[in-house]
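The primary structure of each chain is shown beneath.
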Amino acid sequence: NIFQGCSWTDSLEYALHAQSSNAPLIIVDNVFVSSADAGIYVDRASALVQIIRNAVLGVYPSPIAPVLTNEASGGSRVHNFAGIRADELPVRMIGNVVAGSNDIAFLHRAEPCPPTRIFNNEAFAAIIGVFLLPQKGGSCQTANLYQVWKAAHIAFFVADVIVANTQLSHITVADSHLGIVPYFTVGKAYRRLF
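The sections below set out a description of the structure shown in this document. From a predicted model like this one, the values you see are computed outputs, not experimental measurements.

**Let's talk about the packing of aromatic side chains**
If you walk through the whole model with that rule in mind, you get 7 aromatic pairs. With 4.5 Å between their ring centres and 10° between their planes, W8 and F32 make a pair best called stacked. On the criterion of sequence distance, the pair formed by W8 in strand β2 (residues 7-11) and F32 in strand β5 (residues 31-36) is long-range, its members being 24 residues apart. Take W8 and F32: they sit in the same class, and that class is buried. When the centroid spacing of 4.4 Å and the interplanar angle of 15° are considered together, the rings of F124 and W149 count as stacked. Of the two residues, F124 is situated in strand β16 (residues 121-133) and W149 in strand β17 (residues 140-161); the sequence distance between them amounts to 25 residues. Residue class for F124 comes out partly exposed when judged on its relative accessible area of 24%. For W149, a relative accessible area of 34% corresponds to the partly exposed category.

Structure, rendered in structure tokens:
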């Protein structure tokens, strides 16, 4: 399955949503403009996905998205959304640009060391440039070759670090409120960030 050279505009919910795809899926050279919730969303059950040289411009919360309620405070919140969101680690994610996200530009899991799958991606004009989820196991996780600029809040957020080593290399951050922010889970294990 290949989506190549296509353009989407004014999508009300996920311009391209890969759900339960067990066949190879290649998303290459596409443009997504003014997308609700995500330009590209790869669900957990999707494997063998390649996301290469796409541009996602303008991401905002869908007007039909569910609003969640905080049980402790009774307050409401909306779910996270991202220009490119991959709940399953892509086979390749190379050379993509996300600009103008009202939340996150890139949301995905860290790669196991050494980095071979995700590189040369760029985010700008977002609240959070990259939201890196942790590996579920192993001893080392990594992210490599990202450029993030004009992030209103955090350029590169490393969430819930649970593996022993986290390696970030060739991450360029410019003109953002906060640069690289690692968040370590509470525990007795010794963890290092390189």
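**Remarks on the state of the cysteines**
Applying the stated rule across the entire model yields 1 disulfide. Through a disulfide, C113 is tied to C140; the S-S separation comes to 1.9 Å. One disulfide, between C113 and C140, carries an S-S torsion of -60° and so falls in the left-handed class. One end of the pair, C113, is in the loop between β14 (111-112) and β15 (118-119); the other, C140, is in strand β17, with 27 residues separating them in the sequence. Relative accessible area serves as the criterion here: at 13%, C140 is assigned to the buried category.

**A closer look at the pattern of salt bridges**
Applying the stated criterion across every chain, the model contains 3 salt bridges. The salt bridge partner of R85 is D87, with a shortest N-O separation of 2.9 Å. Note on R85: relative accessible area 18%, which makes it buried. With relative accessibility at 12%, the residue D87 sits in the buried group. In this structure, K150 engages D175 in a salt bridge whose closest nitrogen and oxygen atoms are separated by 2.6 Å. Of this pair, K150 sits in strand β17 while D175 sits in the loop between β18 (165-174) and β19 (178-184), placing them 25 residues apart in sequence. With relative accessibility at 45%, the residue K150 sits in the partly exposed group.

Definitions and limits used
- Residues numbered from 1 in each chain as written.
- Predicted model: local features only at pLDDT ≥ 70, side-chain atom pairs only at ≥ 80, totals over all residues.
- Heavy atoms only, no water.
- Phe/Tyr/Trp six-rings, centres within 6.5 Å; stacked < 30°, edge-to-face > 60°.
- Helix = DSSP H or I, 4+ residues; strand = E, 2+ residues; numbered from the N terminus.
- Buried < 20%, exposed > 50% of the residue type's maximum accessible area, 1.4 Å probe, protein only.
- Disulfide = S-S within 2.5 Å.
- Salt bridge = Lys/Arg side-chain N within 4 Å of Asp/Glu carboxyl O.

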